[in-house]
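# Understanding the architecture of this molecule
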Amino acid sequence: MTTYISNIEKPYYGFIDGLRAIAVLMVLVFHLEPNYLSGGFIGVDVFFTISGFLITQILIEKKELPYFQFLLARARRLVPAMALVIAVIALLGIFFIALPTEINALSKSIIAASVYASNVFFFFTANYFDSTKDNNMLLHTWSLSAEWQFYLLYPFIIYLFARGRFAFLCLSLLSLITLIAAQFYLSRSSDAVFYLTPFRAFEFSLGGLVFVMQNKNLLKRYMGKSEFLANFVAILSIVTLLSLSVIYDKNTLFPGVSAIWVSLATCLILAIGLSRVTPFGALKIIDNQFMKYVGKISYSLYLWHWPLIIGVRLYQPEPDIKQVVIVGIASFVLADLTHRYFENMFRKNTLQNNWIAIVLAIIPLSIGVIAYGVNKTSPELLNRLTENQRHLLSVQRWAKVPGRCIARHETHEYFDCIVGNVDAEPTMLVYGDSHAQMHVWALHEKLVQQGESARYLTKGGCPPLFGAVLEQTNLNREACLELQNRFKSVLDTSPLINTAVISARWSVYADKKLLQDNEKSQYSDIETQLKLVIKYLEASIDKIVIMNSLPEAAAPAPELIVRNLRVGKELKNFTNQASNFELLSSLQSDKVKIVNVENILCQQNGVCPFFLNESQVLFDSNHLTVEASKYVLERSLFYGASTN
C-alpha cells in the first residue's frame, strides 16, 4: 500500500489520495463479491505504481537520507497498523477461529506476514490440492510484503544508477526487463509472477519514471499547456481503470502485459495531476473530500477488510447482501479508528518512535512463533474439540494410492497404477484429474472383491485429453503431456480393456485455452479435444463412462461443519457451486454413458447433503470421501449408470 514518509516536506497532492481511494475500493468490492467487480484485483497494481512514484521521489530528492533512515521511516509509517491487525488476527484466530488442523498453517502465515515475507510463503505453499489458502485471513498481506521487498532493494538501484542523467534510461530498462520476464514466466508459473516482487518491479519503476519526468520538468512542458488535453487524458485514464476492473477476471493472464495497461493509466493520471498547479476539471472526480478521505484511510482499510470478509466466510461461505454490507461498513469503521488513533501515532522521527516500531513488529512475530512451537510440542493445549468434532476432521483425504504403481506422483508427478486384483489383466481404464483420483480407494476395494483390476491414470489439474494442456497453469505441463501420451499407449497395447471411465473437474477446463503438445502457437479448446478422445475410445472400447461435474461446496466441508458446530450451529446441506458440463450431454450414445453425479448425491435445486448414511460426502470442497465414492460408483459404474 502507498504511504508518505514522515518528516519529509513535500507538497500534498489530493488526487493521489483519490487514486488510492479508487484502488482500495476496487479491491474491497472485488473481495466482498467478485461477481460485482471481477477485475477489482487491479487495485493492488494501482497501489504499486503510486508507491513507485513516491519512493522514487524520496530517494532522488533526499540524497542525504541514509538507507537505514529510509527504512526506519517506512517502518514508523507502516508497521504499527500492520502489527496491530496481525496481532488481532493471531489472537482471535489461534484461540477462537482456527481449528487444530489449521493452527500450523496460521502460525506460519503469521510469522511470514510479520517479517514481510508472506508473498514468498504463499508462493511456496501454493498447492493444487490445497483448498484452504484462499480462506487464510492474512493472504492479502502478500502485496505488503512485495512492497517491503521493493523498499529493501530499489534504493540501491536508485543510488547506483538513477540519481543522475541516466535515471530515465535506468528505470525504463528495469521496467522493460521485468515486464518481459513476467510475461515469459506467466504461462510457466503464474503463481511466481503473481506473488514474487521481481515480476512486479515494472509496476513500481513505471511510477518512478513519472517522477523522473516531473523532475526534468517534462510533465508541465508537454501536459500542462492544454487544459482540454489534460481533461481528456485524465478522463480516458480513469475510464480505462474502471473498464479494466470490469473486463478482467480470474481467467485473465495477469500480471504481465495485462498489468501494463493498469500501470500506464495510473501513470497518466499522476502525470496530468502533477502537471497542473491546482485541481481542475476531470481530476475533481477523484480530488474531492470523500475520495481524499477514503485515500487517507486506504492503508488501514486494506489491512482490515480481508480478515473481516474471511472471518464471516469461514462460518458462512455464501454471505447474503446484508452480511456483505455489514462487513463493508465494519471495514470502514475499523479503518477510520486505526488511522486516527494508531496508524499515525509514531510517524515523527524520534528514537522512541523508532524503537516502538521495532517492538510492535516483534509482537505478532512472537505470537506466531509461540503458537507454532506450542502446536508442535503440546498440540493438546490448543485442541478444544469434542470427540465427534475430532472424528469429523480426521476423515480420510489423500491417502497412499493402493495397488501396484508403475508411476507415482512422488517420482513422475502423476499416477499410473493397477488397482484391484493386481495379478489380473486390467479390463478397465480410469483416466482423469483429481476427480478421478478420488475414486481410487473405493474402486480398488470393489475390484478386489470381484477379482478384477483396472489401469489407473490420473494427475491433479491435468485434463483427460490427448496432447492438450492448459495455457495457464502452475502444474507441470510436461508431466501432464506424458500422462496423456501414456493413456493413448495403454489403449493401444491393452486389448482386454473394455471399459473406460473418465472423470474430471470440468469447470476448470471449460472456456479455457489449451495448448496442443504444449506449443504456444497451437491453441485448442476442451470441446474439440474431448470429442477426439471419445472418437478414439469408441473405436476400441465397448463401454465409455464419463462422470459429469461433481457437486462442490463453497468451502472445505469438514472444517466448515466443525467450525459451525463449535458455535452451536449444525449444517446439514450445502448449495452446489458447480454446474454440469453441458457439452457432455451431446456426447452420449450407445457406447457413451454420462453419469449425472448431482442427481445421485443431491436433491432438487442443487441442494446437497453434507452426510449420506451418517458419513461425510466431501473431504474438502470438491472431492468425495471414500464412502461417498462407493455410493456414487455403486449407482453408476457397477449397477447401471444414472445418466442425463
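This report concerns the structure included in the present document. (Residues numbered from 1 in each chain as written. Predicted model: local features only at pLDDT ≥ 70, side-chain atom pairs only at ≥ 80, totals over all residues. Heavy atoms only, no water.)

What follows deals with the sheet that holds strand β7 (residues 514-516). Read from one edge to the other, the open sheet built from 3 strands follows the order β5-β7-β8, with strand pairing classed as antiparallel. Edge positions in the sheet fall to β5 (468-470) and β8 (523-524), since each of these pairs with one other strand and no more. Sheet strands touched by helix α21 (residues 477-493): β5 and β7. Its angle to β5, the strand with the most contacts, is close to 150°. Across the sheet, helix α22 (residues 526-538) touches β5, β7 and β8, and the angle it forms with β7 is around 50°. (Pairing = 2+ DSSP bridges. Helix = DSSP H or I, 4+ residues; strand = E, 2+ residues; numbered from the N terminus. Contact = heavy atoms within 4.5 Å. Axes fitted to C-alpha atoms, helices over the stretch in contact; angles between N-to-C directions.)

Looking now at the sheet that holds strand β2 (residues 415-420). One open sheet holds the 7 strands; their spatial order is β1-β2-β4-β3-β6-β9-β11, and the pairing between them is mixed. A single partner strand is all that each edge strand has here, and the edge strands are β1 (404-407) and β11 (592-595). When the angles between neighbouring strand axes are averaged without regard to direction, this sheet yields 20°. Sheet analysis places β1 next to β2, joined by 3 bridges and oriented antiparallel. Pairing of A407 across the sheet is with D416, part of β2. Sheet strands in contact with helix α20 (residues 440-450) are β2, β3 (428-432) and β4 (453-458), and its direction is about 35° off that of β2. Against the sheet, α22 engages β6 (499-503), β9 (543-547) and β11, with an angle of about 155° to β9.

A full pass over the atoms with the stated rule returns 17 salt bridges. With a closest N to O distance of 2.7 Å, D416 and R455 form a salt bridge. With D416 in strand β2 and R455 in strand β4, this pair connects stretches of sequence that are 39 residues apart. We note a salt bridge from E552 to R505, for which the minimum N-O separation is 2.8 Å. Here R505 lies in the loop between β6 and β7 and E552 lies in the loop between β9 and α23 (557-565), a separation of 47 residues in the sequence. On the accessibility criterion, R505 (23% relative accessible area) is partly exposed. One connected set of salt bridges, linked through shared partners, spans D45, R200 and E203. (Salt bridge = Lys/Arg side-chain N within 4 Å of Asp/Glu carboxyl O. Buried < 20%, exposed > 50% of the residue type's maximum accessible area, 1.4 Å probe, protein only.)

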